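Structural description and commentary
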Amino acid sequence: MPGIDECLIEVMRLPGARGAAVVDWTSGLALGTIGESPNGDHEATAAETAEVARMAAEQPAFGQADAPTGLPGPPASAVEDVIVTTAPGYHILRFVETAFDSSVFLHLWLDRAEGNLALARIRLGEIAERLVLA
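The structure reproduced in this document is the subject of the present report.

Conventions we followed
- Residues numbered from 1 in each chain as written.
- Predicted model: local features only at pLDDT ≥ 70, side-chain atom pairs only at ≥ 80, totals over all residues.
- Heavy atoms only, no water.
- Core = buried A, V, L, I, M, F, W, Y, C linked by side-chain atoms within 4.5 Å.
- Buried < 20%, exposed > 50% of the residue type's maximum accessible area, 1.4 Å probe, protein only.
- Helix = DSSP H or I, 4+ residues; strand = E, 2+ residues; numbered from the N terminus.
- Contact = heavy atoms within 4.5 Å.
- Salt bridge = Lys/Arg side-chain N within 4 Å of Asp/Glu carboxyl O.
- Pairing = 2+ DSSP bridges.
- Axes fitted to C-alpha atoms, helices over the stretch in contact; angles between N-to-C directions.
- Polar contact = N/O pair within 3.5 Å; in protein donor to acceptor, adjacent residues only side chain to side chain.
- Expected span 1.5 Å × (residues − 1).
- Arc of directions from axis to C-beta.

1. Details of the nonpolar core
Membership of the largest hydrophobic core comes to 20 residues, with the highest contact counts inside it found for Val11, Val22, Leu106 and Leu108. For this core, the elements supplying multiple residues, two or more each, are α1 (4-11), β1 (17-24), β4 (89-96), β5 (104-111) and α3 (117-130). For Val22, the contacting residues outside a window of four places in its chain are Ile4, Leu8, Leu29, Ala30, Leu31, Gly32, Val104, Phe105, Leu106 and Leu131. Core analysis: the second largest hydrophobic core is formed by 13 residues, Trp25, Ala56, Val79 and Val82 among them.

Structure representation (structure tokens):
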């Protein structure tokens, strides 16, 4: 099972990947980064994307009120990812389920001209499932 560095290297193999990070959304700290940062500062980007992730994860409007409960795994109403589009690219924030508090997400900055949003979203989900945080 891959750790943070291995997962980030795998994320950067996606077509159009410009930069990526593993971020703790409660503190806004980057646990690992690779590639470029949209504003040139990985720590500032981590803090900014953590605000977006926290807002989405904590709002009941994004969950399903009638989702089944008592099933193994994360709640069916849990936010899986957040996608922000800009003229030059996409930002995908993929939440990572962990054994402790699940307050971590993968952030991928994807070039719009070179990347494939659908493929990146699928692959990021697969990578997030394998990520082991120790």
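2. Quick notes on the pattern of salt bridges
For the structure shown, the criterion picks out eight salt bridges. With a shortest N-O distance of 3.4 Å, Asp81 and Arg94 are connected by a salt bridge. Of this pair, Asp81 sits in strand β3 (residues 81-85) while Arg94 is found in strand β4, placing the two residues 13 residues apart along the sequence. Asp81 gets classed as buried once you look at its relative accessible area, which sits at 17%. Residues joined by salt bridges that share partners form a network here, namely Glu10, Arg123, Glu126 and Arg130.

3. Quick look at the sheet that holds strand β2 (residues 29-35)
The strand order across the open sheet built from five strands is β2-β1-β5-β4-β3, with neighbouring strands paired in antiparallel fashion. Each edge of the sheet is formed by a strand with only one pairing partner; in this case those strands are β2 and β3. Taking the axes of each pair of neighbouring strands and ignoring which way they run, one obtains an average angle of 15° across the sheet. The pairing of β1 with β2 spans six bridges and is classified as antiparallel.

4. Remarks on the side chain of Asp81
A polar contact of 3.4 Å, which involves the side chain of Asp81, links it to the side chain of Arg94. Here Arg121 takes part through its side chain, which lies 2.7 Å from a polar atom of the side chain of Asp81.

5. Some points on α3
For α3, with 14 residues, the first-to-last C-alpha span of 20 Å sits near the 20 Å given by 1.5 Å per residue. Taken together, the buried positions of α3 are occupied by Ala120, Leu124, Gly125, Ile127 and Ala128. The buried residues of α3 occupy an angular sector of 165° when the element is viewed end-on, so they sit on one face. Turned more than 90 degrees off the buried face of α3, the exposed positions are Ala118 and Glu129.

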